[in-house]
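Summary of the model geometry
Chain residues, written in single-letter form:
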Amino acid sequence: LLLALGVIAPALRMLQAQARRLAQQAAENERLALVAEHTGNLVVITDRERRIVWANPAFTRITGYELHEVLGASPGRLLQSERTEPTTVARLRAALADGLPVRVELLNRSRDGRDYWIDADIQPLRNAAGELTGFIAVETEITEQVTQRLRSAALLAALPTAVVVHD
């Protein structure tokens, strides 16, 4: 009986500790899911081939596409247009092909044809062995800021310039 208690009691404590850790992980996962669901930023998760496996409600609100419509689609092919800057797209694709993080400003097009700017922060996802499993993109719509910046640049470019020399 004492031998059984000597074996069972430690095993029981180990199982209880493992159950507490799992409960803590589940609670943390639930909190993270709430953040992704309720943020105003677009959140997109892709597989290693860069096909959409999940997107949050902000993605639907801004792009006009429902999740079930975009599963398996490439975000670039879906949202970029002929107006998207080719050098930015090339830099983005090169980083993703190398499994590297990248941050870019992109002009995208929504389902209804509206152009909008995003600041995209894209991070590679890796498993415990370090193998690339996909990417997560957190994107902020910055259309107003970019529009203001472009207007200011155009205004400055249109101003006459002169040099005044005082003696």
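The following refers to the structure shown.

Rules used in this analysis
Residues numbered from 1 in each chain as written. Predicted model: local features only at pLDDT ≥ 70, side-chain atom pairs only at ≥ 80, totals over all residues. Heavy atoms only, no water. Helix = DSSP H or I, 4+ residues; strand = E, 2+ residues; numbered from the N terminus. Buried < 20%, exposed > 50% of the residue type's maximum accessible area, 1.4 Å probe, protein only. Pairing = 2+ DSSP bridges. Axes fitted to C-alpha atoms, helices over the stretch in contact; angles between N-to-C directions. Contact = heavy atoms within 4.5 Å. Expected span 1.5 Å × (residues − 1). Arc of directions from axis to C-beta.

With respect to the helices and strands, Ser81 occurs in the loop between α4 (75-79) and α5 (86-97). Among the residues examined, Ser81 registers a relative accessible area of 16% and is labelled buried. The spacing of Ser81 and Arg109 is 28 residues in sequence and 6.3 Å in space, taken between C-alpha atoms.

A few words on the sheet that holds strand β4 (residues 115-126). Strands in a sheet are paired, the pairing made by backbone hydrogen bonds, and the direction either parallel or antiparallel. Here we have five strands laid out as an open sheet, ordered β2-β1-β5-β4-β3, and antiparallel in their pairing. This sheet does not close on itself; its edge strands, each paired only once, are β2 (52-55) and β3 (102-109). Neighbour-to-neighbour, the strand axes of this sheet turn through a mean angle of 25 degrees, independent of strand direction. Direction of pairing for β4 relative to strand β5 (residues 132-141): antiparallel, over a ladder of nine bridges. Its bridge partner lying in β5, Asp119 is registered against Thr140. Sitting on the sheet, α5 touches β3, β4 and β5, and the angle it makes with β3 is about 130 degrees.

Attention shifts here to α5. Taking 1.5 Å as the rise per residue, α5 with twelve residues should run 16 Å; its terminal C-alpha atoms sit 16 Å apart, in good agreement. Taken residue by residue, α5 has Thr88, Val89, Leu92, Ala95 and Leu96 as its buried positions. Angularly, the buried residues of α5 cover 130 degrees about the axis, an arc narrow enough to put them on a single face. Turned more than 90 degrees away from the buried face of α5, the exposed residues are Pro86, Thr87 and Ala97.

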